[in-house]
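Below are the chains, spelled out letter by letter.
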Amino acid sequence: MRTSNRRRVVPALLLVLTACAAADEPAPAGTAAADITAMLEASAEAWNRGDLDGFLRDYQSARTTTFVGGSGIVRGPDEIRRRYQES
């Protein structure tokens, strides 16, 4: 590996390792990180139950809400819901 590439890869690797180590410690209750974690966990649980409405509950109800997937860009919660229902 060339020296210039190492200068980019090593800091990136350290950042990933630090993030992984920090993920082992739960965020203090009442913090934004704890709130986001709880929201993501609830969303994953709803998805695993097959509860599409529960999964989409935290999506902002705005036309600017955007999903990007293999089939392209979908905008707005109604269109996102339709995309999930079709697949």
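Structure first, text after, so check above.
Not measured: the values here are computed from a predicted model.

Draft legend 1. Representation of the nonpolar core. In this structure, A46, L52, F55, L56, F67, V74, I80 and Y84 together form the largest nonpolar core, which totals eight residues. Those elements that provide at least two residues to this core are α3 (52-56) and α4 (77-86). Among the elements that make up this core, the one with the highest residue count is α3 (three residues). Apart from the residues lying within four places of it in its own chain, the contact partners of F67 are G72, I73, V74, I80, R83 and Y84.

Draft legend 2. Spotlight on the environment of G54. Mapped onto the elements, G54 comes out in helix α3. The sequence separation of G54 and A42 amounts to twelve residues, and the corresponding C-alpha distance is 8.1 Å.

Draft legend 3. Up close: the packing of aromatic side chains. Per the counting criterion, the structure on display carries five aromatic pairs. With a centroid separation of 4.9 Å and 55° between ring planes, the pair formed by W47 and F55 is classed as tilted. Owing to a relative accessible area of 45%, W47 belongs among the partly exposed residues under this scheme. Residues W47 and Y84 carry aromatic rings whose centres are separated by 5.5 Å and whose planes lie at 65° to one another, so their mutual orientation is edge-to-face. Residue W47 is found in helix α2 (residues 32-49), and its partner Y84 is found in helix α4; the two are separated by 37 residues along the sequence. Judged by relative accessible area, Y84 falls into the buried class, the value being 14%. Of the aromatic side chains, those joined through ring pairs into one cluster are W47, F55, Y59, F67 and Y84.

Criteria and thresholds
- Residues numbered from 1 in each chain as written.
- Predicted model: local features only at pLDDT ≥ 70, side-chain atom pairs only at ≥ 80, totals over all residues.
- Heavy atoms only, no water.
- Core = buried A, V, L, I, M, F, W, Y, C linked by side-chain atoms within 4.5 Å.
- Buried < 20%, exposed > 50% of the residue type's maximum accessible area, 1.4 Å probe, protein only.
- Helix = DSSP H or I, 4+ residues; strand = E, 2+ residues; numbered from the N terminus.
- Contact = heavy atoms within 4.5 Å.
- Phe/Tyr/Trp six-rings, centres within 6.5 Å; stacked < 30°, edge-to-face > 60°.

Note that all results are geometric; they support no functional claim without further evidence.
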